[in-house]
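Letter by letter, the chains look like this.
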Amino acid sequence: EDLSQLLAFEICPSGELAKVYLGRVDNDGLIRTISSFGYPLAIDVIGISIPLDADRPMPDAVKRKKVILGSREVIEAQYSGLAHIDPQSPWRSLVVVPTAGRLVATFHLLCDLDDPDFAILYFQIVGAVLSFYQHEELRSLNQHSSFERAVEQENPVVARIEVGRP
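Procedures and definitions
- Residues numbered from 1 in each chain as written.
- Predicted model: local features only at pLDDT ≥ 70, side-chain atom pairs only at ≥ 80, totals over all residues.
- Heavy atoms only, no water.
- Salt bridge = Lys/Arg side-chain N within 4 Å of Asp/Glu carboxyl O.
- Buried < 20%, exposed > 50% of the residue type's maximum accessible area, 1.4 Å probe, protein only.
- Helix = DSSP H or I, 4+ residues; strand = E, 2+ residues; numbered from the N terminus.
- Arc of directions from axis to C-beta.
- Contact = heavy atoms within 4.5 Å.

Enquirer: What should I look at first to understand the pattern of salt bridges in this one?
Expert: It is possible for side chains of opposite charge to pair when their charged atoms get near one another. With the rule as written, the count across this model stands at seven salt bridges. Asp26 is the salt-bridge partner of Arg32, the closest N and O atoms lying 2.8 Å from each other. Residue classification places Asp26 among the buried positions, given a relative accessible area of 14%. Note that Arg32 and Asp28 form a salt bridge whose closest N and O atoms lie 2.8 Å from each other. On the basis of relative accessibility, which here comes to 27%, the residue Arg32 falls in the partly exposed class. Salt bridges sharing partners connect three or more residues here, namely Arg24, Asp26, Asp28, Arg32 and Arg102.

Set out below in C-alpha cells:
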C-alpha cells in the first residue's frame, strides 16, 4: 500500500492526486489486485480480478506490452468491456502501465493529458522504474531467504530464534 500511496501523490504530471490500482498478472490468466489507493472504502477493490482476454485497458496493456492512455471519452469508446469500479469518480484521463515483470499499474488522473507524446514517454519511464522496483523487491526476498537457509544450516536452533520461529 505504501507504493500505491506514493504513486497517488506523485504520479500525475500536473501534480494532482491520482487513484492508483496495482495488479499482478497470475499464471491462471487473471490480473488480481495487490494494492490500491484513492478508492472509496465501500468499493471492494482488493477482490477484483480481471481476465487477460477481457476487452479492457489493463489486459490490453499487458498483452501489447505498451502504455495505454487516453481521455475518459476515448477510453470508454475504445473498450466495450470497460467496467467502472467507481462510476462517481471525476477522472479525466486513464493511464495503464505494464512492467517487465508481472505488475501492472492503472492511474485515474483528474487532469487532461494534453501532450500524448510526452505522456507516453513519461509513463514508459514510470513503467521502467516500477520494473526496477519489482526486480529489487524480488532480489531482496531471495537474499533474505538465502540468509535464512545459510543460518539454519549452521545452527538450526539459533536460526529459528533469529527469524522469529519457535
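Enquirer: Would you mind showing me how to read helix H1 (residues 2-10) here?
Expert: Working note: α-helix, 3.6 residues per turn, so residues spaced by three or four point in the same direction. Taken as a whole, H1 has its buried residues at Leu3, Ser4, Leu7 and Ala8. In an axial view of H1, the angular spread of the buried residues amounts to 135°, which keeps them on one side of the axis. Counted as exposed and oriented over 90 degrees from the buried face of H1: Asp2, Leu6 and Glu10.

Enquirer: I'm lost on the environment of Leu22 in this one. Help?
Expert: Among the secondary structure elements, Leu22 is positioned in strand S1 (residues 19-25). For the pair Leu22 and Phe37, spaced 15 residues apart in the sequence, the C-alpha separation amounts to 9.0 Å. Setting aside residues no more than four positions away along its own chain, Leu22 makes contact with Leu3, Ser4, Leu7, Arg32, Thr33, Ile34, Ser35, Leu103, Val104 and Ala105.

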